[in-house]
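Here is what each chain is made of, one letter per residue.
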Amino acid sequence: MSAQGGVWGHLAPWYLESFLKDRVLIRREDTFRALQWVLEQVEPILEKVHAQDARFASSAQRSGSYIEGLQVSEPDEFDFLVPVLALPALSLLLAAHLTWLSEQPPDASFQAVGVRNHWWSDGARTAGVQDWVTAVDELPRAANSFSSFASYALFWYSYFYPFLYARVGLLSLGKVIGAFRELVRSANSSTAVTVRPLQQGTPAVTLTMPYYPKQISVDPKQISVDPKQISVDLVPLIKNPFGWCNIPWPREGKPWPSPEKIHDIKATGVDLVAKHPLYWRYSFSRVERVLLEKIDDDGGRRRDSLRILKKVGEDCWKKKYGKVLVSYHLKTVLFWACEFHHLPDDWKDLTKSFKRLVDYLEFYLQKKCLPHYFLGSAVNLFKPEHSSRLQDLLCDVIKFKMSPMNGLKL
């Protein structure tokens, strides 16, 4: 695949190296110091949450750009994944089995999760999550669905035994995230930490807290300067419930990543996070971290190229376009570029590597389609409602290419 786009203006290699050193690479100690402060606030909250409801883990898994070594901005945002423990047998319900519901999955990355209980177990297997389960007869049905009996029969016969329908429901995202937020709110005893209201379409419980970059454990009343505000997202996670099922990856005949890396990725598995009122969404956060590990052990500049592109995105496009182009889009561009350019020599030179990523970004913007790296063309990461904005962004990317040193301001 070739992603050659518009003509590039002059970009001196020394200038790009200077931009990386002076504008992109934030001090690791700054991030570490901020992280230590965040952990001091978050860990006691999660321990209290676990004490009140053991289904939520007492410790969280770190996620996001800072743990991947890709953070290019000030350390003011942190993401944590909070595993949900001791779940009963779960079932991945295919979209074909859910046509009778009034609200369909937004795309192939969203899945309904069923909780089932065998007739002979007398409810024991789901006893621990009954308050999180929505019964089948409570789910909204489409107006043009089959009759009640026919729709139930089609659904249960195609996936469960028909006589089990009264014992099966969906694991409700709203109930899980709602319970988690209330537990976090009640566990928060700090007047400095604020639990923000839940936002529609987000899987996270968000905390905000003040942070004084030069000191960790201080009394805010004794400091006259204004603190920075740090935002922390806590996301409930179902860790690898189904293994590597129904994922159209790796693609046949592709030499990147290596067989060893593919093995490690499949062993890590795919998680589920709360993202929609009815459907869980695949999360590849842990998998992507594995994919990025040692990605430049061959002497490549892939990671540096992505860091620079992220910084350009923040400096040149974020204020104007917001969520039209986000960090995850750019990381996905890197994965696709690595798959199509798998030789170590393709990534030795920083300038060529950076230009390649920008060319690929331009290519996907032209198509108005950025396929999910693991799910392929079944999931377009660019939103249809952003179509006109994507065209405007494409024009700005082309302008950047024409005069890149003006965009990369030292």
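Conventions and cut-offs
- Residues numbered from 1 in each chain as written.
- Predicted model: local features only at pLDDT ≥ 70, side-chain atom pairs only at ≥ 80, totals over all residues.
- Heavy atoms only, no water.
- Helix = DSSP H or I, 4+ residues; strand = E, 2+ residues; numbered from the N terminus.
- Contact = heavy atoms within 4.5 Å.
- Areas by Shrake-Rupley, 256 points an atom, 1.4 Å probe, with all protein chains shown as cover.
- Salt bridge = Lys/Arg side-chain N within 4 Å of Asp/Glu carboxyl O.
- Buried < 20%, exposed > 50% of the residue type's maximum accessible area, 1.4 Å probe, protein only.
- Lys, Arg positive; Asp, Glu negative; His and termini not counted.
- Pairing = 2+ DSSP bridges.
- Phe/Tyr/Trp six-rings, centres within 6.5 Å; stacked < 30°, edge-to-face > 60°.
- Lys NZ or Arg CZ within 6 Å of the ring centre and 35° of its normal.
- Core = buried A, V, L, I, M, F, W, Y, C linked by side-chain atoms within 4.5 Å.
- Expected span 1.5 Å × (residues − 1).
- Arc of directions from axis to C-beta.

- For the protein chain, the name recorded in an unreviewed UniProt entry is Protein mab-21-like 3, with Pleurodeles waltl as its organism.

Some remarks on the overall build of the protein chain
Phase 1: Each helix and strand in the protein chain was counted, giving twelve helices and 13 strands.
Phase 2: In the protein chain, 74% of the contacts between residues at least 6 apart in sequence involve partners at least 24 apart.
Phase 3: Accessible area for the protein chain stands at about 19700 Å²; split by element, carbon and sulfur atoms hold 52% of it.

Examining the pattern of salt bridges
A pair can form between side chains of opposite charge whenever their charged atoms are brought close.
Phase 1: Enumeration over the complete set of coordinates arrives at 17 salt bridges.
Phase 2: Among the salt bridges present, the one from Asp131 reaches Arg55, with a minimum N-O distance of 2.8 Å. Of this pair, Asp131 sits in the loop between strand S4 (110–115) and strand S5 (133–135) while Arg55 sits in the loop between helix H2 (28–52) and strand S1 (61–63); the two residues are 76 residues apart in sequence, bridging distant segments of the chain.
Phase 3: We classify Asp131 as partly exposed; its relative accessible area is 46%.
Phase 4: Its salt-bridge partner being Asp296, residue Arg302 comes within 3.0 Å of it at the nearest N-O pair.
Phase 5: Several salt bridges share partner residues, and in doing so they unite Glu17, Arg301, Asp304 and Arg307 into one network.

Digging into the side chain of Arg356
Phase 1: For Arg356, the position within the fold is in helix H10 (residues 350–367).
Phase 2: Buried charge without a salt bridge: Arg356, with Asp346 as the nearest opposite-charge side chain at an N-O distance of 4.6 Å.
Phase 3: Setting aside residues up to four positions removed in sequence, Arg356 forms contacts with His341, Asp346 and Trp347.

Some words on the pairing of strand S13 (residues 376–380)
Phase 1: Here strand S12 (residues 371–372) runs beside S13; their pairing, made up of two bridges, is antiparallel. Across the sheet, residue Pro371 finds its bridge partner in S13, namely Asn380.
Phase 2: Joining the antiparallel neighbours S12 and S13 is a turn of three residues.

Overview of the packing of aromatic side chains
The geometry of an aromatic ring pair is captured by the separation of the ring centres together with the interplanar angle, meaning the angle of the planes.
Phase 1: According to the stated counting rule, one finds 19 aromatic pairs in the structure shown.
Phase 2: Ring centres 6.2 Å apart and planes at 85° place the aromatic pair Phe354 and Phe400 in the edge-to-face group. Residue Phe354 is found in helix H10, and its partner Phe400 is found in helix H11 (residues 387–402); the two are separated by 46 residues along the sequence.
Phase 3: Since its relative accessible area comes to 6%, Phe400 is described here as buried.
Phase 4: Chaining the aromatic ring pairs together yields one cluster made of Trp249, Trp256, Tyr282, Phe284, Phe335, Trp336, Phe340, Tyr360, Phe363, Tyr364, Tyr373 and Phe374.
Phase 5: It is Arg251 that lies over the ring of Tyr373; its NZ or CZ is 4.9 Å from the centre.
Phase 6: Arg356 extends its terminal NZ or CZ atom over the ring of Trp347, reaching a point 4.9 Å from the ring centre.

Here we look at unusual backbone geometry
Phase 1: Residue Pro250 is reached from Trp249 by a cis peptide bond, and omega for that bond is 5°.
Phase 2: Tracing the backbone through its elements, the reader meets Pro250 in the loop between strand S9 (228–238) and helix H6 (259–268).
Phase 3: Residues Trp256 and Pro257 are joined by a peptide bond in cis, for which omega reads -5°.
Phase 4: Relative to the assigned elements, Pro257 resides in the loop between S9 and H6.
Phase 5: For Lys368, which is not a glycine, the phi torsion comes out positive at approximately 55°.

Digging into the environment of Gly169
Phase 1: If you trace the backbone, Gly169 turns up in strand S6 (residues 169–171).
Phase 2: Judged by its relative accessible area of 3%, Gly169 is buried.
Phase 3: Through-space distance from the C-alpha of Gly169 to that of Ala135 is 4.4 Å; in sequence the pair is 34 residues apart.

Notes on the nonpolar core
Phase 1: Counting residues in each nonpolar core, the largest one holds 104 residues, and the members touching the most others are Leu207, Leu234, Ile308, Trp317, Phe354, Phe374 and Leu408.
Phase 2: The biggest single contributor to this core is H2, with nine residues.

Remarks on helix H5 (residues 173–187)
Phase 1: In this model, H5 (15 residues) spans 21 Å end to end at C-alpha, consistent with the 21 Å of a helix rising 1.5 Å per residue.
Phase 2: Every buried residue belonging to H5 is among Leu173, Val176, Ile177, Phe180, Arg181, Leu183, Val184 and Ala187, and all of these are buried. Each buried residue of H5 lies within a common arc of 165° when the element is viewed along its axis, so the set occupies one face.

Some remarks on the pairing of S4
If a strand is regular, its side chains alternate between the two faces of the sheet.
Phase 1: Extensive coverage of S4 is indicated by the burial of six of its six residues.
Phase 2: Alternating residues of S4 divide into Phe110, Ala112 and Gly114 and Gln111, Val113 and Val115, and every residue in both groups is buried.
Phase 3: As defined by bridge partners, S4 adjoins S6 across two bridges and the pair is classed as antiparallel. Considered in S6, the bridge of Gly114 is made with Leu170.

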